[in-house]
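What follows is each chain in one-letter form.
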Amino acid sequence: MKQGAQGSAGAGVPGGEVPRGDVPRGDVPGGQVRVPQQAGAADAGRVRPGAGAEAVRGEHTHSEPVLPAAPRGRPVVQRSSVRGQIVHALRAALVAGDLRPGEVYSAPVLGERFGVSATPVREAMQQLALEGAVEVVPNRGFRVVERGARELAELAEVRALIEVPVMLRLARTVPAERWAELRPLAEATVRAASSGCRATYAESDRGFHRAVLSLSGNEQLVQIAEDLHRRAQWPLVGSSGPGMRGRADLVADAHEHTALLDALIARDLEVVRALVGEHFAGAGAGAG
């Protein structure tokens, strides 16, 4: 439970480019998302056809870090949801540690990897900038924000202030059969954790929390809580992933979901309070 948008790019890819190459979709099987591999040295400083405005802006590509190549055989980005799929893929890459804190990534290189123009990639990165995941670096691209344990602890404190009272109130009012309906989601988090993929688990973890809080009927609360949850899943400086947790940690975390459901069904408020309180205490210590 400690882990941590689908948009639309309109009828087609800006500039009329046809998506090409192997690009991870929003619903990535196994959650494994990879981001662009660098162009060869021969391409450094050379303006590519179609790069036009990006090259003029000076979004250099020759100094960016080399990232793992994406597995082949992935379906291409669909024209009807280019921006949304790229936002989703970049978020997953961030959680997985493929977008590393402190590194700068340019829209043209990311766009070349995804097989689209730089425009929808830039729009997706601007969305991540609004969320606080990256910051704009003029004439270069976007830098992944570096964050430390203090920020994680602050996020955990705010999440606890929001979610703990809501869960305790729901424990008093929601009938057992409604909680039982969430059992498949809780079990899905265990399977996701067993895969060892942080991005897959992060998505499943947020889904479970979203379903629990949705029972409050307060959509604003659900949106705010999910935004905080997503931010809590971003990697710390110097880590290979959120809190540097391994598969065993993820599985132990996931099993807390089923334990919480059992307590909610039994209306055992003390156990609910203890489980949720321990969860956020652990999140503040760097568990995500």
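Up top you'll find the structure we're talking about.
Values in this document were obtained by computation on a predicted structure and should not be read as measured data.

Cut-offs applied
Residues numbered from 1 in each chain as written. Predicted model: local features only at pLDDT ≥ 70, side-chain atom pairs only at ≥ 80, totals over all residues. Heavy atoms only, no water. Salt bridge = Lys/Arg side-chain N within 4 Å of Asp/Glu carboxyl O. Buried < 20%, exposed > 50% of the residue type's maximum accessible area, 1.4 Å probe, protein only. Helix = DSSP H or I, 4+ residues; strand = E, 2+ residues; numbered from the N terminus. Expected span 1.5 Å × (residues − 1). Polar contact = N/O pair within 3.5 Å; in protein donor to acceptor, adjacent residues only side chain to side chain.

## Some words on the pattern of salt bridges
One pass over the structure, following the stated rule, counts 12 salt bridges. In this structure, Arg147 and Glu151 form a salt bridge, with 3.6 Å as the shortest nitrogen-oxygen distance. For Arg147, a relative accessible area of 2% gives the class buried. Close ionic contact of Glu181 with Arg178 constitutes a salt bridge, the shortest N to O distance being 3.6 Å. Taking relative accessible area as the criterion, Arg178 reaches 38% and is therefore assigned partly exposed. Connected through shared salt-bridge partners, Glu203, Arg206, Arg210, Glu226 and Arg230 make up one network.

## Overview of the environment of Leu152
Its location among the elements puts Leu152 in helix α5 (residues 149-173). On the accessibility criterion, Leu152 (3% relative accessible area) is buried. Each C-alpha atom, one on Leu152 and one on Ala232, is 6.1 Å from the other, the two residues being 80 residues apart in sequence.

## As for helix α9 (residues 219-232)
Compared with the 20 Å implied by 1.5 Å per residue over 14 residues, the 20 Å span of α9 between its first and last C-alpha is a close match. Those residues of α9 lying buried are Leu221, Val222, Ala225, Glu226, Leu228, His229, Arg230 and Ala232. Where α9 begins, one side-chain oxygen reaches toward the backbone nitrogen of Gln220, 3.1 Å away; that side chain belongs to Asn218.

Geometric values such as these leave the question of function open.
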